[in-house]
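The residues making up each chain are set out below.
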Amino acid sequence: MLRYFTGRLIALILTTLAASVVVFLLMQVLPGDPAAVMLGINAQPDTLAALQKQLGLDAPLMLRYFNWISGFFTGDFGTSYTYSVPVSELVAPRVLVTLPLAVLAMILSLVIAIPLGVMAAAKRGQAADVVGMSVAQIGVAVPNFWLGLLLILFFALYLGWFPASGFAGWEDGLWTGTRSLILPAVALALPLGAILARVTRSAVLESLNEDFVRTARAKGLSRQAALWKHATPNALIPVVTILGLQFSFLLAGTIIIENVFNLPGLGRLIFQSIAQRDLIVVQSLVTLLAASVIAVNFLVDLAYGFLDPRLRAGGRA
């Protein structure tokens, strides 16, 4: 298991470095000069050159990358061109919105997917299976931003159960902050839960046809007990795999959903920074989100080691 963990940790570090190189180079080829955007079209050449030097934009490309990435791994993301404050000060309060939103959406998606998928597999070909998978198909097809607008119209404006937009903050209590995130989390969770439900159904059906389930049934175990004690746990590996792969789409969805619900999270900050040509903020945030996706896939790999005893015994995938 130690060898398995070490190998995955090395892969995480190398993948994060590769992602940082790609993001950095992409930022360099984008049209427009941040210094020129800050000073306006009437800026004098000497003023423009002085600001470029102050921002470090006149340094060689490799030196700029080394300075940025060395600071990135120590929590120093640079200084915002627009706000003239450390990027970390912009990121820190917004992480407290985006991270709980993503975690809540993942939990809701699993709460939706696993019971629905297992039920559909247990009732294969019956009405519950047809209805459940039809609902899941609709969930896959519906865009999350459109779903978010429907949730606002019904649960916020019509019923008044939740706020339509904005974030109340965590200062007034856990429920106050969570209440502001429920509708956007549902908008993110339903499409992801629909995908996971279909994967869960297929994985459970495959497990039900395995020899160990038939042996358990032959020994007198009931169908429900065999389903939940043997088939479902062994079907979790593909579900965890898809959950890890879909996490990147979940983070991409937060950029849209945070703007729909006017949440002060990382997604909204990226959107604003792109509009303001604050490339150092965009560069650091995109790399941070990429590192988050890589870290989640690292945790998925570790979960394999706990779900599959063969990995713990053999120490290799």
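The structure this text deals with has already been given above.
Conventions used here
- Residues numbered from 1 in each chain as written.
- Predicted model: local features only at pLDDT ≥ 70, side-chain atom pairs only at ≥ 80, totals over all residues.
- Heavy atoms only, no water.
- Helix = DSSP H or I, 4+ residues; strand = E, 2+ residues; numbered from the N terminus.
- Buried < 20%, exposed > 50% of the residue type's maximum accessible area, 1.4 Å probe, protein only.
- Contact = heavy atoms within 4.5 Å.
- Areas by Shrake-Rupley, 256 points an atom, 1.4 Å probe, with all protein chains shown as cover.
- Axes fitted to C-alpha atoms, helices over the stretch in contact; angles between N-to-C directions.
- Parallel < 35°, antiparallel > 145°, perpendicular 65-115°, else oblique.
- Nonpolar A, V, L, I, M, F, W, Y, C, P; charged D, E, K, R; others polar.
- Phe/Tyr/Trp six-rings, centres within 6.5 Å; stacked < 30°, edge-to-face > 60°.
- Left-handed = near helix turned anticlockwise from the far one by under 90°.
- Core = buried A, V, L, I, M, F, W, Y, C linked by side-chain atoms within 4.5 Å.
- Patch = residues over 30% accessible without salt bridge, like charges linked within 9 Å, V, L, I, M, F, W, Y side chains within 5 Å.
- Salt bridge = Lys/Arg side-chain N within 4 Å of Asp/Glu carboxyl O.

Engineer: Explain the overall build of the protein chain to me, and be specific about the residues and the numbers.
Structural biologist: Counting its regular elements, the protein chain contains 14 helices and zero strands. Secondary structure elements of the protein chain, listed N to C terminal, follow the sequence α-α-α-α-α-α-α-α-α-α-α-α-α-α. Of all 317 residues assigned to the protein chain, the portion counted as buried reaches 40%. For the protein chain, the share of sequence-separated contacts (at least 6 apart) that also reach a separation of at least 24 residues comes to 72%. If you sum the accessible surface of the protein chain, you get close to 16,700 Å²; carbon and sulfur atoms cover 68% of it.

Engineer: Explain the packing of helix α5 (residues 87–122) against helix α12 (residues 266–275) residue by residue, including any values.
Structural biologist: In the contact formed by α5 and α12, the axes pass within 8 Å of each other and the chain directions differ by 135°. The pairing of α5 with α12 is recorded here as oblique in orientation. Taking contact as the criterion, the partners of Leu-90, Val-91, Arg-94, Val-95 and Thr-98 in α5 are, on α12, Leu-266, Gly-267 and Leu-269. Of the residues contributing to the contact of α5 with α12, the split by class is five nonpolar, two polar and one charged.

Engineer: Break down unusual backbone geometry for me, with residues and values.
Structural biologist: Most peptide bonds take the trans configuration, and most residues that are not glycine carry a negative phi. With a phi angle near 55°, Asn-262 is a residue other than glycine that sits in the positive phi range. Summarising the element assignment, Asn-262 is placed in the loop between α11 (236–260) and α12.

Engineer: Describe the packing of aromatic side chains, and please don't skip the residues or the numbers.
Structural biologist: The final tally for this structure, using the stated rule, is 10 aromatic pairs. An angle of 90° between the planes, with centres 5.0 Å apart, marks the rings of Phe-154 and Phe-155 as edge-to-face. A relative accessible area of 24% places Phe-155 in the partly exposed class. When the ring of Phe-155 is compared with that of Trp-161, the centres are 5.9 Å apart and the planes differ by 45°; the resulting orientation is tilted. Three or more aromatic residues joined by ring pairs form one cluster here, namely Phe-24, Tyr-65, Trp-68, Phe-72, Phe-73 and Phe-77.

Engineer: Tell me about the packing of helix α6 (residues 127–141) against helix α8 (residues 174–208), residues and numbers included.
Structural biologist: Running from amino to carboxyl end, α6 crosses α8 at an angle of 140°, the nearest separation of the two axes being 7 Å. Considering their axes alone, α6 and α8 lie oblique with respect to each other. At the point where α6 passes α8, the crossing takes the left-handed sense. Residue-level contacts link Asp-129, Met-133, Ala-136, Gln-137, Gly-139 and Val-140 of α6 to Pro-191, Ala-194, Ile-195, Ala-197, Arg-198 and Arg-201 of α8. For the contact of α6 with α8, the class distribution of residues is seven nonpolar, two polar and three charged.

Engineer: I'd like a rundown of the nonpolar core, residues and numbers included.
Structural biologist: Ranked by size, the top nonpolar core spans 60 residues in total, and within it Trp-68, Phe-247, Leu-250, Val-281 and Leu-285 carry the most contacts. Among the elements that line this core, the one with the most residues is α8, at 12 residues. Counting 12 residues, the second largest nonpolar core, distinct from the first, contains Val-118, Ala-122, Val-204 and Leu-208.

Engineer: Can you lay out a nonpolar patch on the surface for me, pointing to particular residues and giving the numbers?
Structural biologist: Judged by side-chain polarity, Phe-145, Trp-146, Leu-149, Leu-150, Leu-153, Leu-157 and Ile-256 come together as a nonpolar surface patch covering roughly 670 Å² of accessible area. Among the elements that line the nonpolar patch, the one with the most residues is helix α7 (residues 144–158), at six residues. Turning to its location among the elements, Leu-149 is positioned in helix α7. On the accessibility criterion, Leu-149 (43% relative accessible area) is partly exposed.

Engineer: Could you give an account of the environment of Gly-166, with specific residues and numbers?
Structural biologist: Take Gly-166: it is sitting in the loop between α7 and α8. For Gly-166 and Phe-261, which are 95 residues apart along the polypeptide, the C-alpha to C-alpha distance reads 6.2 Å. Discounting chain neighbours no more than four positions away, the residues touching Gly-166 are Ser-180, Phe-261, Asn-262 and Leu-263.

Purely geometric numbers; function is a separate question.
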